[in-house]
Amino acid sequence: MSKHLFFVQQRVQAWQRPVLSHNGVMTEYPRIAGLSSFGAGGANAHVIVEEYQETQPRTVYPQQPALIVLSAKTELALQQRAQSLVEYSSEYELLDIAFTLQTGRVPMTYRLAFVAISHDELSAKLNAFISGKSFIGYRGVVKADEIEPETFVFTGEIADEYEQLARAWTRGAEIDWLSLYQGFKPRKQRLPSYPFAKNRYWQPIRVTRQFSPVATAPIDWDGYSYRLHWQEQGLADNAPTINKGPVLIVLSGERGIALAQALSQYHQQQSLATTCWHIEDIANQDASGFEHGLRELGLVQTVYFISTPNLTEITSANITTSLNQHELQFLRLLAGLRKLLTPESRISFTLLTCDTQAVDSAPLNPYGAGLTGLAYALAQSEHRIQVRNLDIANVLLSQPQALVPRILAEPFKTRGDVVKLSANKRYQQQFDRFNTEVLPSALRQSGVYVILGGAGTIGQALSFSLIEHYQAQPVWLGRTQAEAPELTQKLAGFTKTGITPAYYQADVTDLEQLRRVIQAIQQRFGKINGAIFAGLVIQF
């Protein structure tokens, strides 16, 4: 890893500047880091930072005293700031230190100020303050409401003017610091930062809490784990929520035609313009069809997306068809809507899926199940769209006229929480506190784990963890050629772990390729203890 400028940091270690050979000359480069933040709602951010390196020689300043000022929130923190400054008292020019403290720090309650004409005097006065001996300088406690509105300006015409400014600052006065430097300006330097108290306010790892609002006995909770269950609730009896504007109903699947017609009739009775689109021939569908259609239709106020797929045999081909028929169309619809949104836009969006959530013993429908998660993300990432996320029991589709009022009575949820509607019942998801430590780990010591997308950032982190804690053998699957330099570099990063991930090139969307690779892995390692999906590609 030391031969490359970029690598993924996996453990705590000293951060050395990289030294590389360039045209036969060894060159030291500044430290550069990439920081990423991934929001659950899809809002991501990335920033690249590079260390500042001094390139200019030290400046020779005119001889004049330095006014040193220090402040902190508490007396103890003020002592700590003085202690840390002692270590830097000779590293920089005296006036640079003074100027940095004057203009690069926020003045706080407990204050200390004194005048120094040399580095030795600076160290001596700081040590005198720290030890509690005869300190020559000024101290004060200034509350927020005691700051003096008057600003003091240095004139150079008074014999003890530096002492007067130091005394005034410790009493809350504002100082025009630039007036101390006539004809030049010192430079800010890298001095010690604020000594925070390091008090811990985090929740204990193991606490005893109530299992749920309906539980009567306390349970052991690990502080971060939850498990899902469905809580039966009374039927919603809210007045129907209807926007006064155009309505768009998008239907995917034949079984929801009657429901789409019932919703259309209801809104037409409210004198609202209603448009229905039925997604049918996806093989020949224009990828930008929603965008073009929405542009002609104009911004609508109410949108329904009804996913009622035919319950067919679960096969790889049918799953692929379902993703294109439901999840992909949902994403394309959202992409088209967002291009029409203005800062003032407000849209009501209702997602209706069919038996994708298992509440009782009713058959579970996997087709279109990914829509629920997309609705979660939509609700939490786009404040201009309010979301109603409903899963409907299949039996209710035969009574569309009775189902419409139940749909409209459901409130919109800011987090996109899913609600299950069945015959005369209504269920809402509840998350119970849970202690994962009571369960044995499903991961095996010396196990073999296939990771799709293992060469990605998440896949690499999982591989390091599996090796460190379980001495497991990771096996990466990906489309990258095995001889690709970037892949070779990533695998080389595991040299010191003692176990290097195995790599197999395969397109896992090709069932035959996947079968051949699985067979090869089993022949080589004799077993497969688990599979992990760590790669995602979305195109719409």
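Before any of the text, the structure's been laid out above.
No experiment lies behind these values; they were computed from the predicted model shown. (Residues numbered from 1 in each chain as written. Predicted model: local features only at pLDDT ≥ 70, side-chain atom pairs only at ≥ 80, totals over all residues. Heavy atoms only, no water.)

1. Focus on the sheet that holds strand β7 (residues 138-141)
Here's step 1: Across the sheet, which stays open at both edges, the three strands sit in the order β5-β6-β7 with antiparallel pairing between neighbours. In the strand order of this sheet, the two ends are held by β5 (66-72) and β7, each with one partner. Put simply, the sheet's adjacent strands are angled 15 degrees from each other on average, direction ignored.
Here's step 2: Strand direction decides the pairing type here: β5 and strand β6 (residues 110-116), joined by seven bridges, are antiparallel. Along β6, the bridge assignment pairs Ala66 with Ala116.
Here's step 3: The strands that helix α1 (residues 75-86) touches are β5, β6 and β7; relative to β5, the one it contacts most, it runs at about 140 degrees.
Here's step 4: Strands in contact with helix α2 (residues 94-103) are β5 and β6; relative to β5, the strand with the most contacts, it is inclined by about 40 degrees. (Pairing = 2+ DSSP bridges. Helix = DSSP H or I, 4+ residues; strand = E, 2+ residues; numbered from the N terminus. Axes fitted to C-alpha atoms, helices over the stretch in contact; angles between N-to-C directions. Contact = heavy atoms within 4.5 Å.)

2. Comments concerning the sheet that holds strand β19 (residues 425-434)
Within a sheet, each strand pairs with its neighbour through backbone hydrogen bonds, oriented either parallel or antiparallel.
Here's step 1: Across the sheet, which stays open at both edges, the eight strands sit in the order β12-β19-β18-β17-β16-β15-β13-β14 with mixed pairing between neighbours. In the strand order of this sheet, the two ends are held by β12 (225-233) and β14 (274-279), each with one partner. If you compare each strand with its neighbour and ignore which way they point, the axes differ by 25 degrees on average.
Here's step 2: Pairing of strand β13 (residues 247-252) with β14, which is carried by six bridges, proceeds in the parallel orientation. When the sheet's bridge partners are listed, Val247 is paired in β14 with Thr274.
Here's step 3: Helix-sheet contacts for helix α6 (residues 289-297) involve β13 and β14, and the interaxial angle to β14 is about 170 degrees.

3. Brief notes about a nonpolar patch on the surface
Here's step 1: Where nonpolar side chains cluster on the molecular surface, the patch consists of Leu35, Val47 and Val49 and spans about 230 Å² of accessible area.
Here's step 2: Residue placement: Val47 occurs in strand β4 (residues 44-50). (Patch = residues over 30% accessible without salt bridge, like charges linked within 9 Å, V, L, I, M, F, W, Y side chains within 5 Å. Areas by Shrake-Rupley, 256 points an atom, 1.4 Å probe, with all protein chains shown as cover. Salt bridge = Lys/Arg side-chain N within 4 Å of Asp/Glu carboxyl O.)

4. Notes on the environment of Ala472
Here's step 1: Structurally, the position occupied by Ala472 is in the loop between α11 (457-470) and β21 (473-478).
Here's step 2: For the pair Ala472 and Leu248, spaced 224 residues apart in the sequence, the C-alpha separation amounts to 52 Å.
Here's step 3: Beyond its immediate sequence surroundings of up to four residues, Ala472 is in contact with Ser446, Gly447, Tyr449, Leu466, Ile467 and Ile499.

5. Things to note about the pattern of salt bridges
Here's step 1: All told, the structure shown has 13 salt bridges when counted by the stated rule.
Here's step 2: The shortest N-O distance in the salt bridge between Glu291 and Arg295 comes to 2.8 Å. A residue pair is termed a helical-turn pair when its members lie 3 or 4 positions apart in one helix, as Glu291 and Arg295 do in helix α6 at four residues.
Here's step 3: The class of Glu291 is partly exposed, set by a relative accessible area of 23%.
Here's step 4: Residue Asp391 is joined to Lys420 by a salt bridge in which the shortest nitrogen-to-oxygen separation is 2.8 Å. Of this pair, Asp391 sits in strand β17 (residues 385-392) while Lys420 sits in strand β18 (residues 418-422); the two residues are 29 residues apart in sequence, bridging distant segments of the chain.
Here's step 5: The class for Asp391 is buried, based on a relative accessible area of 0%.
Here's step 6: Here the salt bridges do not stand alone but share partners, grouping Arg17, Arg31 and Glu51 into one network. (Buried < 20%, exposed > 50% of the residue type's maximum accessible area, 1.4 Å probe, protein only.)

6. Concerning the packing of helix α8 (residues 327-340) against helix α9 (residues 370-381)
Here's step 1: In contact at an axis separation of 9 Å, α8 and α9 are set at 20 degrees when each is read in the N-to-C sense. Relative to α9, α8 is oriented roughly parallel. The interaxial crossing formed by α8 with α9 has right-handed handedness. Of α9, the residues touching α8 (which contributes Glu327, Phe330, Leu331, Leu334 and Arg338) are Gly370, Leu371, Leu374, Ala375, Leu378 and Ser381. (Parallel < 35°, antiparallel > 145°, perpendicular 65-115°, else oblique. Left-handed = near helix turned anticlockwise from the far one by under 90°.)

7. Notes on the pairing of strand β22 (residues 502-505)
Here's step 1: The pairing of β21 with β22 spans four bridges and is classified as parallel. Within β22, the residue paired with Leu477 across the bridge is Tyr504.
Here's step 2: For the handedness criterion, the β-α-β arrangement of β21, helix α12 (residues 485-492) and β22 is classed as right-handed. (Right-handed = clockwise from strand over helix to strand, strands pointing away.)

8. Some words on the side chain of Thr308
Here's step 1: Relative to the helices and strands, Thr308 is located in the loop between β15 (302-307) and α7 (316-325).
Here's step 2: A polar contact is formed between the side chain of Thr308 and the backbone nitrogen of Gly256, at a distance of 2.8 Å.
Here's step 3: With residues near it in sequence (within four places) discarded, Thr308 still touches Leu251, Ser252, Gly253, Glu254, Arg255, Gly256, His326, Cys354 and Leu397. (Polar contact = N/O pair within 3.5 Å; in protein donor to acceptor, adjacent residues only side chain to side chain.)

9. Focus: the side chain of Thr372
Here's step 1: Along the polypeptide, Thr372 turns up in helix α9.
Here's step 2: Given the relative accessible area of 5%, Thr372 is considered buried.
Here's step 3: Setting aside residues up to four positions removed in sequence, Thr372 forms contacts with Leu351, Thr353, Thr356, Gln357, Asn389 and Val418.

10. Considerations on unusual backbone geometry
Here's step 1: Notably, Ser271 is not glycine yet its phi reads approximately 60 degrees, a positive angle.
Here's step 2: As for its placement among the helices and strands, Ser271 is situated in the loop between α5 (257-269) and β14.
Here's step 3: Judged by relative accessible area, which is 68%, Ser271 ranks as exposed.
Here's step 4: Backbone geometry places Asn424, a non-glycine residue, at a positive phi of 60 degrees.

11. Details of the state of the cysteines
In a disulfide, the sulfur atoms of two cysteines are covalently bonded to one another.
Here's step 1: Enumeration according to the criterion identifies zero disulfides in this entry.
Here's step 2: Of all cysteine sulfurs in the structure, the one in Cys354 sits closest to Cys276, which takes part in no disulfide; the separation is 18 Å.
Here's step 3: Exposure remark for Cys276: the relative accessible area of 44% places this residue in the partly exposed category. (Disulfide = S-S within 2.5 Å.)

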